Amino acid sequence: MSSPTSNEATRAEYCVVACAEVWCHAGEVLASPMGTVPTIGARLAKLTFAPDLLLTDGEALLIGDVPAVGAPARVVEGWLPYRQHLALVATGRRHVMMGAGQIDRHGNQNISCIGDWARPTRQLLGVRGAPVNTLNNPTSYWVPKHSPRVFVERVDMVCGVGYDRAAEAGPSATRFHHVPEVVSNLGVFDFATPDQSMRLRSLHPGATVGQVLEATGFALTVPDEVPYTREPTTEELRLIREVIDPKGARDREVPA
């Protein structure tokens, strides 16, 4: 489904802007977006308020231009094979936005399996680089379908390390641990609470606090007044619709 031609933003476009702001003022760090909307968000950030952001083609190249989603890069700045990518992670010069099969109130994330680890009912991606990500560089999360199956009281397996687990492990785990944001199709969340549990920071227009609470499987901190996620500017809408995602892939990930 294509985007509207007016300046009225779709839910997907609010999500894109919310993801883009993860990299606001990030400086010269590598953006590692996972998912269509985060990818569009990182490219939007690069073209607007984060010009020093480093982008990849999703495989092994650092790219100097900002191609449309699905199009090849025209400017290649460097070679970033897997081993060098891992070295970059260890230095902290990267902000990854991962997905989450499950995430709990302290930011522990699961992308490995659903159910008892000994006899899981569902096999997911596997732990992959999640622990190293969360202990070495900022790690945010993108959830395209907010539901109690994803936002759970306790994850079935810890892949990405949350604030409570990092604190239990001590200074070696907390030194560089930072989970800035969780963005879903309903709103933006952070951990700016005394016990570093999840807080509703903003609602996407059209979503309600009641919807969010019903779709969340744990006690969520909700401020007395919850702002709406900021509206995309006219220029941001133009970049999203005409330059970065002219085929409307964002609307397939977050339907209107």
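Above this text sits the structure in question.
Description of the structure in this document. Given the structure is predicted, the values throughout are model-derived calculations rather than measurements. (Residues numbered from 1 in each chain as written. Predicted model: local features only at pLDDT ≥ 70, side-chain atom pairs only at ≥ 80, totals over all residues. Heavy atoms only, no water.)

**What to know about the overall build of the protein**
Here's step 1: A tally of helices and strands in the protein yields nine helices and 13 strands.
Here's step 2: Projected onto its principal axes, the C-alpha coordinates of the protein cover approximately 45 × 45 × 35 Å.
Here's step 3: Counting over 256 residues, the protein shows a buried share of 50%.
Here's step 4: A separation of at least 24 residues holds for 65% of the contacts in the protein among residues at least 6 apart in sequence.
Here's step 5: Carbon and sulfur atoms make up 53% of the accessible area of the protein, which totals about 12,400 Å².
Here's step 6: Treating the 24 positive side-chain charges of the protein as one cloud and the 28 negative ones as another, the clouds have centres 6 Å apart. (Helix = DSSP H or I, 4+ residues; strand = E, 2+ residues; numbered from the N terminus. Buried < 20%, exposed > 50% of the residue type's maximum accessible area, 1.4 Å probe, protein only. Contact = heavy atoms within 4.5 Å. Areas by Shrake-Rupley, 256 points an atom, 1.4 Å probe, with all protein chains shown as cover. Lys, Arg positive; Asp, Glu negative; His and termini not counted. Charge placed at Lys NZ, Arg CZ, Asp CG, Glu CD.)

**Considering the pairing of strand S5 (residues 94-98)**
Here's step 1: Within S5, five of the five residues are buried, leaving the element largely enclosed by the surrounding structure.
Here's step 2: Residues of S5 alternate between two faces, with Arg94, Val96 and Met98 on one and His95 and Met97 on the opposite face, all of them buried.
Here's step 3: Of the pairings in the sheet, the one linking strand S1 (residues 30-33) to S5 comprises four bridges and is parallel in character. What sits directly across from alanine 31, in S5, is histidine 95.
Here's step 4: Sheet topology places S5 next to strand S10 (residues 139-143); three bridges connect them, and they run parallel. If you follow methionine 98 over to S10, its bridge partner there is tyrosine 141. (Pairing = 2+ DSSP bridges.)

Keep in mind that these numbers describe shape and distance, not what the molecule does.
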